[in-house]
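# Examining the three-dimensional arrangement
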Amino acid sequence: MTTTTTTASQRVTGALSGAVTSARRRVGLVVRSRVAGEDAAERRQQIWHSDGERWNSPMTRSAA
């Protein structure tokens, strides 16, 4: 019975994690659109890939 409970718990945790990831992505896209406008991808390119010295570099995503 312990094995079944653990497996069910893992499924619930996995589903919840997927839902949180999905919600986080949707919120991020809304915020990005409101801050950078509808041409957010173009603004990103302009900001991060233009020539010149910078104080910060673009963030890279981890493979987590």
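Scroll up to find the structure this text is about.
A brief report on the enclosed structure follows. (Residues numbered from 1 in each chain as written. Predicted model: local features only at pLDDT ≥ 70, side-chain atom pairs only at ≥ 80, totals over all residues. Heavy atoms only, no water.)

### As for the overall build of the chain
- Of regular secondary structure, the chain possesses two helices and zero strands.
- In the chain, which comprises 64 residues, the proportion classed as buried is 2%.
- On the chain, roughly 6200 Å² of surface is accessible, and the fraction owed to carbon and sulfur atoms is 56%. (Helix = DSSP H or I, 4+ residues; strand = E, 2+ residues; numbered from the N terminus. Buried < 20%, exposed > 50% of the residue type's maximum accessible area, 1.4 Å probe, protein only. Areas by Shrake-Rupley, 256 points an atom, 1.4 Å probe, with all protein chains shown as cover.)

### Structural notes on a nonpolar patch on the surface
- Side chains of V27, V31 and V35 sit close together on the surface and give an oily, nonpolar patch of about 290 Å² of accessible area.
- Within the secondary structure layout, V35 lies in helix α1 (residues 2-36). (Patch = residues over 30% accessible without salt bridge, like charges linked within 9 Å, V, L, I, M, F, W, Y side chains within 5 Å. Salt bridge = Lys/Arg side-chain N within 4 Å of Asp/Glu carboxyl O.)

### Observations regarding the environment of R32
- Tracing the sequence through the fold places R32 in helix α1.
- Given a relative accessible area of 36%, R32 falls into the partly exposed group.
- Leaving out residues up to four positions away in the same chain, R32 has contacts with G37, A40, A41 and R44. (Contact = heavy atoms within 4.5 Å.)

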